[in-house]
Amino acid sequence: MNEERKILVEEVDSVAKPPLAKVEDAVDVQVEEKPAPVMAPSPFEAESDASKLNRKRDYLEGFLAQKPVETPAGEAGGDLYEAVIDTLKSIYDPEIPVNIYDLGLIYGVEITPDNHAIVSMTLTTPNCPVAESMPGEIELQVGSVPGVGHAEVILVWDPPWDPQKMSDEAKLELGML
């Protein structure tokens, strides 16, 4: 073995404790100050704090007086629409441990004015083993949502499903991220 690569070991009984740092020992470092940027005077500089507060209250008054806009039940963000989406998220593909919504199998959900739900969807392949039973199961599940009068599933093959249609959560679950 080379002499320069040899490790020397020395045994000692004790080691002196290093001194603690003290504020008095700190060195005073002078920091060079930068000149303040030149800015135009603000029109509100002469304004008192009370008038600024009143001005802000006036600004918020109109905002706070507005009432939230009701989203119709059948549109995205509406209660019935969200209930249908939640139901679709509870239906899992029997071969893949991810729900059909996050898999990207649902292409569209439409709620008619009569509260009928129309779900456009596809399957991973036309030869999918659940091609016959899955649409019927989805119709039953969506039809059981309170407020839905009738549910219809339209099975489409164009555009074909591909893994890019999956949500990030589904890709993470399947180890694709």
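The structure we're discussing is the one just above.
In this text the structure is predicted, and so the values were computed from the model without any measurement. Each chain carries its own residue numbering, running from 1 in the written order of its sequence. Since the coordinates come from a predicted model, pLDDT governs what is reported: local features require at least 70, and pairs of side-chain atoms require 80 or more to be given and counted, while whole-chain, interface and lining totals use all residues. Side-chain metrics in this entry use all non-hydrogen atoms of the structure; hydrogen atoms and water are not considered.

### With respect to the pairing of strand S2 (residues 116–121)
Note the cut-off: When DSSP finds two or more bridges between a pair of strands, those strands are recorded as paired. Here a helix means four or more residues in a row that DSSP labels H or I, a strand means two or more in a row labelled E, and each is numbered from the N terminus. For the handedness criterion, the strands are oriented away from the viewer, and a crossover whose path from the first strand over the helix to the second runs clockwise is classed as right-handed.
Of the strand pairs in this sheet, strand S1 (residues 106–111) and S2 are connected by five bridges, and their pairing is antiparallel. If you follow Ile111 over to S2, its bridge partner there is Ala117. Counting the residues in the hairpin turn of S1 and S2 gives four residues, including Asn115, whose phi is positive at 65 degrees. In this sheet, strand S3 (residues 150–155) lies alongside S2 in parallel orientation, the contact comprising six bridges. Its bridge partner being in S3, His116 is matched across the sheet by His150. Handedness of the crossover joining S2 and S3 through helix H3 (residues 134–143): right-handed.

### Description of the nonpolar core
Just so we agree on the cut-off: As used here, the term nonpolar core means buried Ala, Val, Leu, Ile, Met, Phe, Trp, Tyr and Cys residues forming a set that is joined through side-chain atoms within 4.5 Å. Burial here depends on accessible area, computed with a 1.4 Å probe over protein chains only, as a share of the maximum for the residue type. Under 20% is buried, over 50% is exposed, and the range in between is partly exposed. Throughout, a contact is declared for two residues whenever any of their heavy atoms are within 4.5 Å.
In terms of nonpolar packing, the biggest core is built from 29 residues, with Leu88, Ile100, Val109, Met134, Ile138 and Val142 touching the most fellow members. No other element matches helix H2 (residues 79–89), which puts five residues into this core. Residues contacting Met134, with those up to four places away along its chain left out, are Ile91, Tyr92, Asp93, Pro94, Ile100, Met121 and Leu123.

### Some points on unusual backbone geometry
With an omega of 5 degrees, the peptide bond running from Asp158 to Pro159 counts as cis. Structurally, Pro159 can be placed in the loop between S3 and helix H4 (168–173). Phi is positive for Asn115, close to 65 degrees, though the residue is something other than glycine.

What is shown is where atoms sit, not what they do.
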